[in-house]
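Structural features, examined
Okay, here's what each chain looks like letter by letter:
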Amino acid sequence: MVGKGAKGMLNGAVPSEATKRDQNLKRGNWGNQIEFVLTSVGYAVGLGNVWRFPYLCYRNGGGAFMFPYFIMLIFCGIPLFFMELSFGQFASQGCLGVWRISPMFKGVGYGMMVVSTYIGIYYNVVICIAFYYFFSSMTHVLPWAYCNNPWNTRDCAGVLDASNLTNGSRPAALPSNLSHLLNHSLQRTSPSEEYWRLYVLKLSGDIGNFGEVRLPLLGCLGVSWVVVFLCLIRGVKSSGKVVYFTATFPYVVLTILFVRGVTLEGAFTGIMYYLTPQWDKILEAKVWGDAASQIFYSLGCAWGGLITMASYNKFHNNCYRDSVIISITNCATSVYAGFVIFSILGFMASHLGVDVSRVADHGPGLAFVAYPEALTLLPISPLWSLLFFFMLILLGLGTQFCLLETLVTAIVDEVGNEWILQKKTYVTLGVAVAGFLLGIPLTSQAGIYWLLLMDNYAASFSLVVISCIMCVAIMYIYGEHSSLRPPVTRPLARPLCLVGLLTPPLSRAPELLPGHPDDAGIPTAPLLSDLLALRLSCHHLPPGSGPPPPPPESSSLRVAPGAECAPPPAPTARGSAEA
């Protein structure tokens, strides 16, 4: 016969409570579970699925990259995704508040905030470029369709300019041998790539030459931040309604582009380059590191967003089911987008007569070079261009919503009083204004260099390190909480908070030493962010401070209305996360 206390545990409650309330009246919950799933899909499926995964795939051996990628998904991605959802759902707190289970690891929560801040700043700059292309598409002829624009060079050769080799300057009749020589000796570029580099960015020569702020990009950056703020003006209550459209419409456009892409000449070559494995690459540690980093980047593990979104779930939601659905949907979207990308790259390579790996730029340039070139081939190309860049905007906004909500929720939960709960809209506005101001340097002529540098710092191996520390804290520290005593935890408090703050910059330090180029070949500046992180961490805890003594065993971690929040005995994953 089951006793009263055991019945409470079976219902997801701790011994101090007979039952557990399913809703959090103080913080609020999602309107329904579909809103949470769609928001999480929108958070995970972002711009990185379009430009980051295909780039990593062809850099790391084509189809051979799929093997470490899915290994990391099964053994790292899904378990960590489930752990973070369970963690946030059980505690009903943001990425800072959840560390009441072990205060000495609160630096990990700050590390998540630093990562989300980095990504949120440059991510909205990518969205603003998509806005710029969206507005530029409101014309009869796309500006990157031909090579007859003032910014084009003599090396430009467009898909629609098949008869023009050097911007229309070649005579009408050339000897066949001379024409053949010119075709193989001149370095030709597409009009979309010149539009991206020479007109949109007006790219400077190096990272230190900022040049001028591109006012059109600055205006689009303001528009993107205003849209993000308006969609989050009521928190998850308003963003939960927006995702019904932002999380589903991109798949419609991707399918249209896929059907068009596979009908182009050379598409099969590009897809085979995508799928043909180079097995020797698997023996390289960097390939496995890139696979792990992409899983963390794509799923959003260690960003703090999963914990934040799950904290608004009802207590007995089946987050195990949600984690499997969202993880598989996200990774399937990455592979699907790779087919769309490589079908276009194969066509461009066939037209220019070069290898597939040479037809596109790195990073965000892939979405703004290869795709625009393909759009010029579609009937009524301005219409399809508007749809495509609108899709990019929606993909970016779905992730940006959660990044901003992560920072706002962390601040509100950390303060925790009624006043800041009532003024949450003003906190959201303040964070949005700060993000806009910090993003202004990225709209300069050297902005793309700094964008890639921030991407290398914030969204790479640092996510792996943060997740490892989080796993140790939850499984070994929180799981053995009763055996810890204050004399043991105090000496560990400062170094562990140091780790949380230093993880984003230091994890990439060996590859980003002064003068050492990063993956995109961009020379780097001295690591001032390392020194800043060190300075901040020295003041994070006053001398001799440490976590408070363990609370009475009868207290509860779960924040119920009118109840105090403190660590309970370690619950099982299924008992704490499922009904």
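Residues numbered from 1 in each chain as written. Predicted model: local features only at pLDDT ≥ 70, side-chain atom pairs only at ≥ 80, totals over all residues. Heavy atoms only, no water.

Selection rule: UniProt positions are given in the numbering used here, feature names are shortened, and annotations may be inferred rather than shown by experiment.
The protein has the name Transporter in an unreviewed UniProt entry, where Rhinopithecus roxellana is given as its organism. Quoted verbatim from the Subcellular location (unreviewed entry) field of UniProt, the annotation for the protein is "Cell membrane". Its UniProt record gives the protein a comment under Catalytic activity (unreviewed entry), which states: "glycine(out) + chloride(out) + 2 Na(+)(out) = glycine(in) + chloride(in) + 2 Na(+)(in)".

1. A few points about the UniProt feature "binding site: Na(+) 2" (unreviewed entry) in the protein
Rules: Comment: elements are numbered from the N terminus, with helices defined as DSSP H or I runs of at least four residues and strands as E runs of at least two. Only heavy atoms enter the contact rule, under which two residues are in contact if any of them lie within 4.5 Å. Any pair of N or O atoms that falls within 3.5 Å is considered a polar contact. Within protein, one atom must be able to donate a hydrogen and the other to accept it, and sequence-neighbouring residues count only if both atoms are side-chain atoms.
Within the UniProt annotation, "binding site: Na(+) 2" (unreviewed entry) is assigned to Ala44 and Asn49. Following the sequence through the fold, alanine 44 ends up in helix α2 (residues 33-44). Mapped onto the fold, asparagine 49 is located in helix α3 (residues 48-59). In contact with asparagine 49, not counting residues within four places along its chain, are Ala44, Pro54, Ser298, Asn330, Thr333, Ser334 and Ala337. From its side chain, asparagine 49 meets the backbone nitrogen of glycine 46 in a polar contact 2.8 Å long.

2. Some details on the nonpolar core
Going by this rule: By convention a nonpolar core is built from buried Ala, Val, Leu, Ile, Met, Phe, Trp, Tyr and Cys residues, the set being connected through side-chain atoms within 4.5 Å. Each residue's exposure class comes from its accessible area (1.4 Å probe, protein chains only) as a fraction of the maximum for that residue type: buried when under 20%, exposed when over 50%, partly exposed otherwise.
Trp99, Tyr133, Phe368, Phe389 and Leu392 are the most contacted members of the largest nonpolar core, which has 151 residues in total. Per element, the largest residue contribution to this core is 18 residues, and it comes from helix α5 (residues 106-136). Counting residues in each nonpolar core, the second largest holds five residues, with Ile207, Ala446, Tyr449 and Tyr457 among its members.

3. Thoughts on the environment of valine 464
Of note, valine 464 is situated in helix α20 (residues 461-478). Owing to a relative accessible area of 12%, valine 464 belongs among the buried residues under this scheme. Setting aside its immediate chain neighbours within four residues, valine 464 contacts Ala292 and Phe296.

4. Side note on the UniProt feature "binding site: Na(+) 1" (unreviewed entry) in the protein
Here, the residues flagged by UniProt with the feature "binding site: Na(+) 1" (unreviewed entry) are Gly42, Val45, Ser298, Asn330 and Leu395. Across 354 residues of sequence, these annotated residues stay compact in space, with a maximum C-alpha separation of 12.2 Å. Within the element layout of this structure, asparagine 330 appears in helix α14 (residues 319-352). Every residue in contact with asparagine 330, bar those within four places of it in the chain, is listed here: Ala44, Val45, Asn49, Ser298 and Leu299. Secondary-structure assignment places leucine 395 in helix α16 (residues 381-415). Non-local contacts of leucine 395, meaning those with residues more than four positions away in its chain, are made with Gly42, Val45, Gly46, Leu47, Val50 and Pro250.

5. Focus on α3
Counting buried positions over the twelve residues of α3 gives eleven, a clear majority of the element. Within α3 the residues assigned to the buried category are Gly48, Asn49, Val50, Trp51, Arg52, Phe53, Pro54, Tyr55, Leu56, Cys57 and Tyr58. At the C-terminal side of α3, glycine 61 shows a positive phi close to 100°.

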